[in-house]
Amino acid sequence: MQFTLRHTDTRTEARAGELATDHGVIRTPIFMPVGTAAAVKGIFHRDVRDEAGAEIILANTYHLYLRPGTKILEEAGGVHRFSTWEGPMLTDSGGFQVFSLADCRKLREEGCHFRSHIDGSKHLFTPESVIDTERAIGADIMMAFDECPPGDAPREYAAKSLALTERWLDRCFERYAQTQPRYGHYQALFPIVQGCGYPDLRARAAENVRQYDADGYAIGGLAVGEPTEVMYRMIEVVNAILPADRPRYLMGVGTPTNILEAIERGVDMFDCVMPTRNGRNGQLFTWEGTINIRNKKWEDDFSPIDPEGTIFDRRYSKAYLHHLVTCGEMMAAQIASLHNIAFYLRLVRAAREHILAGDFKEWKEAAVAKLGRRL
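Below you will find a few notes about this structure. (Residues numbered from 1 in each chain as written. Predicted model: local features only at pLDDT ≥ 70, side-chain atom pairs only at ≥ 80, totals over all residues. Heavy atoms only, no water.)

The subject of this paragraph is the sheet that holds strand E2 (residues 15-21). Taking strand neighbours across the sheet as the criterion, the 3 strands line up as E1-E2-E3 in an open arrangement whose pairing is antiparallel. This sheet does not close on itself; its edge strands, each paired only once, are strand E1 (2-8) and strand E3 (24-28). The mean inter-strand angle of the sheet, taken between neighbouring strand axes irrespective of direction, is 15°. In this structure, E2 lies alongside E3, joined through 5 bridges in antiparallel fashion. Note that in E3 the partner of Thr21 across the bridge is Gly24. Across the sheet, helix H14 (residues 330-357) lies against E1, E2 and E3, angled at about 120° from E2, the strand it touches most. (Pairing = 2+ DSSP bridges. Helix = DSSP H or I, 4+ residues; strand = E, 2+ residues; numbered from the N terminus. Axes fitted to C-alpha atoms, helices over the stretch in contact; angles between N-to-C directions. Contact = heavy atoms within 4.5 Å.)

This part covers unusual backbone geometry. Residue Pro29 follows Thr28 across a cis peptide bond; omega there is 5°. Position of Pro29 relative to the elements: it lies in the loop between E3 and strand E4 (30-33). Here Val253 and Gly254 are connected by a cis peptide whose omega angle stands at 0°. Backbone geometry at Thr84 places phi at a positive 70°, although glycine is not the residue there. Looking at the secondary structure, you find Thr84 in the loop between helix H4 (79-83) and strand E6 (89-92). Here Thr84 falls in the exposed class, since its relative accessible area comes to 52%. A positive phi angle is found at Tyr183, which is not glycine, with a value near 65°. (Buried < 20%, exposed > 50% of the residue type's maximum accessible area, 1.4 Å probe, protein only.)

Under the defined criterion, the tally for this structure stands at 29 salt bridges. A salt bridge links Glu236 to Arg233; the nearest nitrogen and oxygen atoms lie 3.5 Å apart. Of the two residues, Glu236 and Arg233 both sit in helix H9 (residues 228-239), 3 residues apart, roughly one turn of that helix. The partly exposed category is assigned to Glu236, whose relative accessible area is 33%. Across the salt bridge formed by Glu261 and Lys364, the nearest N and O atoms sit 3.0 Å from each other. One end of the pair, Glu261, is in helix H10 (residues 256-264); the other, Lys364, is in helix H15 (residues 360-371), and 103 residues separate them in sequence. Salt bridges here are not isolated pairs; linked through shared partners, they connect Arg233, Glu236, Glu261, Glu264, Arg265, Lys361, Lys364 and Glu365. (Salt bridge = Lys/Arg side-chain N within 4 Å of Asp/Glu carboxyl O.)

What follows covers the sheet that holds strand E13 (residues 217-219). The parallel open sheet is built from 5 strands, whose spatial order is E4-E15-E14-E13-E12. Edge positions in the sheet fall to E4 and strand E12 (192-193), since each of these pairs with one other strand and no more. Here E4 runs beside strand E15 (residues 269-272); their pairing, made up of 4 bridges, is parallel. Bridging from a neighbouring strand, Met32 pairs with Asp271 of E15.

Going residue by residue along E6, you find Met89 and Thr91 tucked away on one face and Leu90 and Asp92 tucked away on the opposite face as well. Note: strand E5 (residues 57-60) against E6, 4 bridges, orientation parallel. By the bridge assignment, Leu58 is partnered in E6 with Leu90. Both E6 and strand E10 (residues 141-143) contribute to a ladder of 2 bridges, which runs parallel. The residue bridging Leu90 from the neighbouring strand is Ile141, located in E10.

Below, the structure written as structure tokens:
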């Protein structure tokens, strides 16, 4: 796996690069649609690739471990063949999902005991078992197993959590070194920087992960309840320490404005469920602001969903999508979700173009002024 920086903005930390994987080249900054169960909810892979222009998608280790299980994935020849997604894929470690099950999990030094949200069955995730599971899934980029504490965690808890994450990280990389890539392609392992909203803990964590000389680095535990200003400050603290010649992945973030602010601070990779989750609830992201297509004001608006969007955005009207949402037609969720994913990908592509052109800062400030409006 090779990351090449093409240009760094002279007035911000924004970067344009290329990440070469065995399943294709990813141009950064990039947004990764979330395909929790190896599928972006309600959308054909064909449309995610061809209509939205996705270059990489994300799948979830916790969910794939429970269903269909690693045995099926191994028999299928890995997640790429199983799902028919031919491009690069990233798997998170399942840590966020496990730790969100606060009422049905127990943390131990060995790992995390938890009960399945599906049938209540008992399971154990350890750093070693998670690496084995991610190897079996077959993603191009795997994430280390960590604890993701709440954004407002007390300092004592945050420090204790970070210490556990760092001990687990050693075990993750030890297991990674003991195992081989599966299915004939390289599999990278990214460590995750934690530390909540405490600058000294974040700095310590960022210094610690450098020892692994990883193919890339992730920033986790943000957009989980802390103020937006704290999130931006933690990104600045971490990116000042992480190696400049490796990709930086901000996990689970966020709104279009969050993404542009993070790009300005040197982040290269993003994922978030917001485009599809909000789309299923009738919210559309556009260059002029957000639209709640459920509102009656769109009932007789026959203009395109987004005149600056993809072909299907220009084909369907706001009135038609409003009608589909009102009727509870499943096609409404498909159209809105695909529109939002396409918009997020247009957003990061536009950011890349302006980084390369040298006018990113002016463009970003003008874009942010509009993106947060409600239409």
